[in-house]
Amino acid sequence: MNNAFHFQDTSSSLSGTLRRLIDGIRGQSVTLRDLMEAVGEQGLLLVCAIASLPFLIPVSIPGVSTVFGAAIILISVAITLNRLPWLPTRILDRKLDTNKLVPALEKGLGIVSRLDRFLKPRLSALTAGGVTNRINGLAIAAAGVLLMFPLGLVPFSNTLPGIAILLLSTGMIQRDGLIVLGGYVFIAITVIYFAVLGYMAYSAGQGLMGLMG
């Protein structure tokens, strides 16, 4: 199998596209390749948005963090470089359990449906132009890196960057600069949150060493 994807144009809402994607999932497992081929020309950004959804729900899906996190980073880097993404075959073809993935996407659909009501073209300076899109692509990549930090058991450590990715991706798709701005806000919140966690861990370590000393 090669890594080429052939997307067809669509003007459907994000929730409508996600609904069709969920309805088309069959069998006991599905791969990222299957999901990408089913998405359509809303395309790479929509893949990033969909890949962020399981991280917004308190559910454990074996392998999804590696597959979806790596896909978000590589796709966003490709968006930044304005070229089609290269994704390793082991990422594209790793099987994900549909019995766990589909319920997570169904719950994510509820979030996307509510978000759809607010999406509209505005603040075009944050979504128009090649340079702006490259900066936004870098922001998605940064959020993807934050998403893959080994802090899965820490509350909100996946949720905050997941929200940032969802807002940045959907805002770019719908040319909604206000939603894109919200994505940047959540990246800032994530960085601050991680910095506080790091400081707390450092302080606890210093206190423990003091007691032992």
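Residues numbered from 1 in each chain as written. Predicted model: local features only at pLDDT ≥ 70, side-chain atom pairs only at ≥ 80, totals over all residues. Heavy atoms only, no water.

Student: Looking at this model, I keep getting lost on the overall build of the chain. Mind explaining?
Tutor: Counting its secondary structure elements, the chain contains 9 helices and 2 strands. When the elements of the chain are put in sequence order from the N terminus, they spell out α-β-α-α-α-α-β-α-α-α-α. Counting over 213 residues, the chain shows a buried share of 46%. Of all intrachain contacts in the chain linking residues separated by at least 6 positions in sequence, the fraction that spans at least 24 positions is 78%. Carbon and sulfur atoms make up 64% of the accessible area of the chain, which amounts to about 10,900 Å² in all. (Helix = DSSP H or I, 4+ residues; strand = E, 2+ residues; numbered from the N terminus. Buried < 20%, exposed > 50% of the residue type's maximum accessible area, 1.4 Å probe, protein only. Contact = heavy atoms within 4.5 Å. Areas by Shrake-Rupley, 256 points an atom, 1.4 Å probe, with all protein chains shown as cover.)

Student: Explain the packing of helix H1 (residues 14–23) against helix H6 (residues 98–116) to me, please; I cannot follow it from the model alone.
Tutor: Two measures define how a pair of helices packs: the angle their axes make with one another and the distance between the axes. Look at H1 against H6: their axes get within 9 Å of each other, and the N-to-C directions meet at 165 degrees. For the element pair H1 / H6, the angle class is roughly antiparallel. Crossing of H1 against H6: the hand is left-handed. Contact residues: Leu14, Ser15, Leu18, Arg19 and Ile22 in H1; Val102, Leu105, Glu106, Gly108, Leu109, Val112, Ser113 and Asp116 in H6. In terms of residue class, the contact of H1 with H6 is built from 7 nonpolar, 3 polar and 3 charged. (Axes fitted to C-alpha atoms, helices over the stretch in contact; angles between N-to-C directions. Parallel < 35°, antiparallel > 145°, perpendicular 65-115°, else oblique. Left-handed = near helix turned anticlockwise from the far one by under 90°. Nonpolar A, V, L, I, M, F, W, Y, C, P; charged D, E, K, R; others polar.)

Student: It is not clear to me how the pattern of salt bridges should be interpreted in this structure. Could you clarify?
Tutor: Should the charged atoms of two oppositely charged side chains come close, the side chains can pair. Applying the stated criterion across every chain, the model contains 4 salt bridges. Note that arginine 19 is salt-bridged to aspartate 23, the shortest N-O span being 3.0 Å. Of this pair, arginine 19 and aspartate 23 both sit in helix H1, separated by 4 residues, roughly a single helical turn. Classification of arginine 19 as partly exposed rests on a relative accessible area of 28%. Arginine 122 is the salt-bridge partner of aspartate 176, the closest N and O atoms lying 2.8 Å from each other. Separated by 54 residues along the polypeptide, aspartate 176 in the loop between helix H8 (159–173) and helix H9 (177–212) and arginine 122 in the loop between H6 and helix H7 (130–147) bring together distant segments of the chain. Assessed through its relative accessible area of 25%, arginine 122 is described here as partly exposed. (Salt bridge = Lys/Arg side-chain N within 4 Å of Asp/Glu carboxyl O.)

Student: Explain H9 to me, please; I cannot follow it from the model alone.
Tutor: Because an α-helix completes one turn every 3.6 residues, residues spaced three or four positions apart along the sequence face the same direction. Taking 1.5 Å of rise per residue, the 36 residues of H9 would be expected to cover 52 Å, and the 53 Å separating its terminal C-alpha atoms lies within 8% of that figure. Among all positions of H9, only Gly177, Ile179, Val180, Gly182, Gly183, Ile187, Thr190 and Phe194 are buried. Buried residues along H9 sit against H6, H7 and H8. Its side-chain oxygen at 3.1 Å from the backbone nitrogen of leucine 178, aspartate 176 defines the N-terminal cap of H9. (Expected span 1.5 Å × (residues − 1). Polar contact = N/O pair within 3.5 Å; in protein donor to acceptor, adjacent residues only side chain to side chain.)

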